[in-house]
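Below, each chain spelled out in residue letters.
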Amino acid sequence: MVIYVVLIYALIAVIDPYGLRKKGMKRDFLVCSVLYLISFALAFALSMRWEIPSPSPLFVDWVKRLY
């Protein structure tokens, strides 16, 4: 599973942001790259069956502070 994740993300990394870079949209390219790296890190961790902490307690705390 890990090999599939790495290969698919490598293929997408080559194809996807090429248009943004070619058009000179550097800021959009940077944002796309950061979000892509976060997505890859989460997909890799899930394929390695690592435990990822849930962000829901943080959101619950934020909502409680609003009210």
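Values in this document were obtained by computation on a predicted structure and should not be read as measured data.

Definitions and cut-offs
Residues numbered from 1 in each chain as written. Predicted model: local features only at pLDDT ≥ 70, side-chain atom pairs only at ≥ 80, totals over all residues. Heavy atoms only, no water. pLDDT = per-residue confidence, 0-100. Helix = DSSP H or I, 4+ residues; strand = E, 2+ residues; numbered from the N terminus. Phe/Tyr/Trp six-rings, centres within 6.5 Å; stacked < 30°, edge-to-face > 60°. Buried < 20%, exposed > 50% of the residue type's maximum accessible area, 1.4 Å probe, protein only.

## Section: the confidence of the model for the protein chain
Working step 1: In this model, the protein chain carries an average pLDDT of 84, and 99% of its residues clear a pLDDT of 70 or more.
Working step 2: Considering each helix and strand of the protein chain separately, the mean pLDDT is smallest for helix 2 (residues 18-23), with a value of 75, and largest for helix 3 (residues 26-47), with 87.

## Remarks on the packing of aromatic side chains
Working step 1: The tally for this structure, following the rule as stated, stands at five aromatic pairs.
Working step 2: Between Phe59 and Trp62, the ring centres sit 5.6 Å apart and the planes meet at 70 degrees, which makes this aromatic pair edge-to-face. Residue Phe59 and its partner Trp62 are both found in helix 4 (residues 56-66); the two are separated by three residues, about one turn of the helix.
Working step 3: Residue Trp62 is classed as partly exposed on the basis of its relative accessible area, which comes to 46%.
Working step 4: An aromatic cluster is built from Tyr9, Tyr36, Phe40, Phe44 and Trp50, whose rings are joined through pairwise contacts.

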